[in-house]
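# Chains, contacts and geometry: an overview
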Amino acid sequence: MGFARPLCVFITFLSCLISSVHGQAAAGTRIGFYLTTCPTAETIVRNAVSAGFNADPRIAPGILRMHFHDCFVQGCDGSVLISGSNTERTAGPNGSLRGFEVIDNAKTQLEAACPGVVSCADILALAARDTVVLTRGTSWQVPTGRRDGRVSVAANANNLPGPFDSVAVQQQKFSAFGLNTRDLVVLAGGHTIGTAGCGVFRSRLVNNTDTNVDQTFLAQLQTQCPQNGDGSVRVDLDTGSGTTFDNSYFNNLSRGRGVLESDHVLWTDPATRPIVQQLMSATGNFNAEFARSMVRMSNIGVVTGTNGEIRRVCSAVN
């Protein structure tokens, strides 16, 4: 989805961003929420994520995607972490999420250090930021103070943004949560790290006559993902830079090298192409833009105050 310098200017206007998403006052979230109640919280999460990343770097895009999927279903309440039959975790779009064990590890350590204080929703929001840093992005300050939701139903995940969504459909899904078209394109830049299974997108490789698609790249994908081949084979979403958080994803889109149709159309649609052009430039400041949009997204429908709960374990309600 790298950052090159501290986002000092960005931090000065966090408060207005935090309060602007989907009518959510988000008065319960703020930077440094745990400074007095659990001062080592962010360090514990960071160390747990780092350990998980060192064991398996694939958890970085996995956790970042997990945070997206959590926020786009009932808000950022940690509901995607709950296990069991018919939970969000079992929904089709969440089948390939990874990194749950990293969140669980962080929670176990936090419960030992500060019992009943740090929510799973906050752990996930912090971990998502930390995965960007570990893939050579730059850090930003994450407002905390979310509480955990108690409801997790698979059917609620049916309206997550999908790999074949048009720009219009993506705009509709993002605007439902108070996010604009710029947020949409910027957050799609998270695809600068991670992969997609051939089974997710290979249908678009058949009889593709779109002249905006790089034909050499199309042939490459057809070789990697034959129609009768293994659908679980993974392909980098950002060709040539799939493990580094940078703006090369947007450059690939401009060259007709978007793997998913939902990514490809960000270049071909006039509503989003100018934003892609800005973000792919050296002066586009994708890093700061991503941080800004992540703060906005991470405050969708947050549970604060006396609502919800602080789970003792992230995979189950109390």
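Taking an unreviewed UniProt entry as the reference, the protein chain is identified by name as Peroxidase belonging to Cardamine amara subsp. amara. Annotation of the protein chain in UniProt includes, under Function (unreviewed entry), the sentence "Removal of H(2)O(2), oxidation of toxic reductants, biosynthesis and degradation of lignin, suberization, auxin catabolism, response to environmental stresses such as wounding, pathogen attack and oxidative stress. These functions might be dependent on each isozyme/isoform in each plant tissue." Under the UniProt heading Catalytic activity (unreviewed entry), the entry covering the protein chain gives this text: "2 a phenolic donor + H2O2 = 2 a phenolic radical donor + 2 H2O".

The residues that UniProt annotates with the feature "binding site: Ca(2+) 2" (unreviewed entry) are T192, D238 and D246. For the annotated residues, spread through 55 residues, the largest C-alpha to C-alpha distance comes to 9.6 Å, consistent with a single compact locus. Secondary-structure assignment places D238 in the loop between β2 (234-236) and α11 (248-254). D238 sits in the buried class, given a relative accessible area of 0%. Other than its neighbours up to four places away in sequence, D238 contacts H191, T192, D246, S248, Y249 and N252. Within the secondary structure, D246 is located in the loop between β2 and α11. When its relative accessible area of 16% is taken as the criterion, D246 is described as buried.

Put simply, the second largest pocket is a space of about 210 Å³. Taken together, 18 residues make up the lining of the second largest pocket; nearest its centre are G32, L35, E42, R46 and R129. The greatest single-element share of the lining of the second largest pocket, amounting to 4 residues, is contributed by helix α3 (residues 41-55). The class makeup of the residues in the lining of the second largest pocket is 9 nonpolar, 6 polar and 3 charged.

In this section: the environment of N94. Structurally, N94 can be placed in the loop between α4 (59-71) and α5 (100-113). For N94, a relative accessible area of 2% gives the class buried. Taking C-alpha positions, N94 is 9.2 Å from R65, a pair spaced 29 residues apart along the chain.

With the rule as written, the count across this model stands at 4 disulfides. C120 shares a disulfide with C314; S-S distance 2.1 Å. On the sign convention where negative means left-handed, the S-S torsion of about -95° between C120 and C314 marks this disulfide as left-handed. On the criterion of sequence distance, the pair formed by C120 in helix α6 (residues 120-134) and C314 in the segment after α14 (286-297) is long-range, its members being 194 residues apart. Like C120, the residue C314 is buried in the burial classification. Each sulfur of the disulfide joining C198 and C225 lies 2.0 Å from the other.

The rules behind these values
- Residues numbered from 1 in each chain as written.
- Predicted model: local features only at pLDDT ≥ 70, side-chain atom pairs only at ≥ 80, totals over all residues.
- Heavy atoms only, no water.
- UniProt positions renumbered as here; feature names shortened; annotations may be inferred.
- Helix = DSSP H or I, 4+ residues; strand = E, 2+ residues; numbered from the N terminus.
- Buried < 20%, exposed > 50% of the residue type's maximum accessible area, 1.4 Å probe, protein only.
- Contact = heavy atoms within 4.5 Å.
- 1 Å grid on protein atoms, 1.4 Å probe; cavity = no way out; pocket = protein on both sides within 12 Å on 5 of 7 lines; lining within 4 Å.
- Points joined across faces, edges and corners; volume = space filled by probe spheres on them.
- Nonpolar A, V, L, I, M, F, W, Y, C, P; charged D, E, K, R; others polar.
- Disulfide = S-S within 2.5 Å.

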